[in-house]
Amino acid sequence: MSSAREELITTAADELWQGSYGSVGVGALCSAAGVKRGSFYHFFDSKDDLVLAALEHSWERMQAQFERVLGDESVPPLQRLPRFFDAVAEMHDRVRQESGHVPGCPFGNLSVELGNFHDPIRERVADIFRRATAHFAGLLRAAHAAGEIPMESPEEAERRAEQIFGAMQGAQVLAKTHADPDAIRRMAPVAVAIARGDAAS
């Protein structure tokens, strides 16, 4: 991959996460990335094409978190869930220390801002949400296999995983709204209750 193209993608991912689609212009992105504006359209047909690439870049970073925490087989499956919520909170803590604000979910932010107007971006975010939910479902199946949680059917893993993902999204909205990453940590017991089947379906 061209270093200029990669720099544009990385810069866009960071700027979009801490700002918004509307507040980030092509010229500003090029300046921040140290790329000539005339080179932009050599790499991307439009701003939306760059945003799609930035979403994938952000997902790669988040997927690494999923794999590192939820895939840590040295820890019992159910204990990995609050650890994951803590890891996401730590990520927001770092950004708050650097920028003074809590950014929230990079995917949820764009979906809320653009969901009704940019179908390719909405569809990409929906696909990323499905990938994230699949990680939670895999954790639940591991917890069930380890005898930690009951499940009456294989489909329950997907249903509970969707609810856990919803709890994570809601927690990030609260964290962003109140500038408080601990809101994410406080939602972890709810996620564990969902995993156990204790929460209302």
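Residues numbered from 1 in each chain as written. Predicted model: local features only at pLDDT ≥ 70, side-chain atom pairs only at ≥ 80, totals over all residues. Heavy atoms only, no water.

Novice: Could you clarify how one ought to interpret the overall build of the chain in this entry?
Specialist: For the chain, the count of helices and strands is 10 helices and zero strands. Across the chain, helices and strands are ordered from the amino to the carboxyl terminus as α-α-α-α-α-α-α-α-α-α. In terms of C-alpha radius of gyration, the chain reaches 18 Å, essentially the compact-globule figure of 17 Å for 201 residues. Projected onto its principal axes, the C-alpha coordinates of the chain cover approximately 60 × 35 × 30 Å. Across the 201 residues that make up the chain, the buried fraction comes to 45%. (Helix = DSSP H or I, 4+ residues; strand = E, 2+ residues; numbered from the N terminus. Rg over C-alpha atoms; globule rule 2.2 N^0.38 Å. Buried < 20%, exposed > 50% of the residue type's maximum accessible area, 1.4 Å probe, protein only.)

Novice: I keep staring at unusual backbone geometry and nothing clicks. Help me out?
Specialist: Negative phi is the rule for most residues except glycine; trans is the rule for most peptide bonds. Of note in this structure, Ala179 is not a glycine but carries a positive phi near 50°. Structurally, Ala179 is set in the loop between helix 8 (155-178) and helix 9 (182-186). Owing to a relative accessible area of 37%, Ala179 belongs among the partly exposed residues under this scheme.

Novice: So what exactly am I meant to see when it comes to helix 7 (residues 119-145) here?
Specialist: Because an α-helix completes one turn every 3.6 residues, residues spaced three or four positions apart along the sequence face the same direction. End to end, helix 7 covers 39 Å across 27 residues, agreeing with the expected 39 Å (1.5 Å per residue, within 8%). Among all positions of helix 7, only Ile121, Val125, Ile128, Ala132, Thr133, Phe136, Ala137, Leu139, Leu140 and Ala143 are buried. The inward-facing, buried residues of helix 7 contact helix 4 (47-70), helix 5 (77-99), helix 6 (106-114), helix 8 and helix 10 (188-196). Where helix 7 ends, the next residue or the one after it, Gly147, has phi of about 80°, a positive value. (Expected span 1.5 Å × (residues − 1). Contact = heavy atoms within 4.5 Å.)

Novice: Sorry if this is basic, but what is going on with the pattern of salt bridges here?
Specialist: A pair can form between side chains of opposite charge whenever their charged atoms are brought close. Tallied over the entire structure, the rule returns 15 salt bridges. Between Asp14 and Arg61 there is a salt bridge whose closest N-O contact spans 3.1 Å. With Asp14 in helix 1 (residues 3-18) and Arg61 in helix 4, this residue pair connects regions lying 47 residues apart in the sequence. Since its relative accessible area comes to 28%, Asp14 is described here as partly exposed. Exposure remark for Arg61: the relative accessible area of 35% places this residue in the partly exposed category. Residues Arg185 and Asp86 are paired through a salt bridge, measuring 2.6 Å at the closest nitrogen-oxygen approach. (Salt bridge = Lys/Arg side-chain N within 4 Å of Asp/Glu carboxyl O.)

Novice: Where do I start with the packing of aromatic side chains in this structure?
Specialist: Each aromatic ring pair is specified by the distance between its two centres and by the angle formed by the two planes. Across all of its chains, the model carries seven aromatic pairs by this definition. Ring plane angle 45° and centroid distance 5.8 Å describe the contact between Trp59 and Phe66, whose orientation is recorded as tilted. You'll find Trp59 and Phe66 in the same group, each marked buried. When the ring of Phe66 is compared with that of Phe84, the centres are 4.5 Å apart and the planes differ by 25°; the resulting orientation is stacked. Of the two residues, Phe66 sits in helix 4 while Phe84 sits in helix 5, which places them 18 residues apart along the sequence. For the pair Phe66 and Phe84, one class covers both residues: buried. Chaining the aromatic ring pairs together yields one cluster made of Trp59, Phe66, Phe84 and Phe136. The residue whose ring lies beneath Lys47 is Tyr21, and the NZ or CZ to ring-centre distance is 4.0 Å. (Phe/Tyr/Trp six-rings, centres within 6.5 Å; stacked < 30°, edge-to-face > 60°. Lys NZ or Arg CZ within 6 Å of the ring centre and 35° of its normal.)

Novice: Mind showing me how you'd approach the environment of Thr133 here?
Specialist: Looking at the element boundaries, Thr133 is found in helix 7. Residue Thr133 is classed as buried on the basis of its relative accessible area of 15%. Along the backbone, Thr133 and Cys30 are 103 residues apart, and their C-alpha atoms lie at a distance of 34 Å. Dropping the residues within four chain positions of it, Thr133 is found in contact with Glu158, Ala161, Glu162 and Phe165.

Novice: How do you make sense of the nonpolar core when you look at a structure like this?
Specialist: Taken as a class, soluble globular proteins show a tendency for nonpolar side chains to be buried jointly. Within the largest apolar cluster, 67 residues are counted, with the highest numbers of intra-cluster contacts made by Leu55, Leu81, Phe84, Phe85, Phe136 and Ile164. Here this core gets 11 residues from one element, more than from any other, and that element is helix 4. Each residue touching Phe84, except ones within four places of it in the same chain, is listed here: Met62, Gln65, Phe66, Val69, Leu70, Phe136 and Met168. (Core = buried A, V, L, I, M, F, W, Y, C linked by side-chain atoms within 4.5 Å.)

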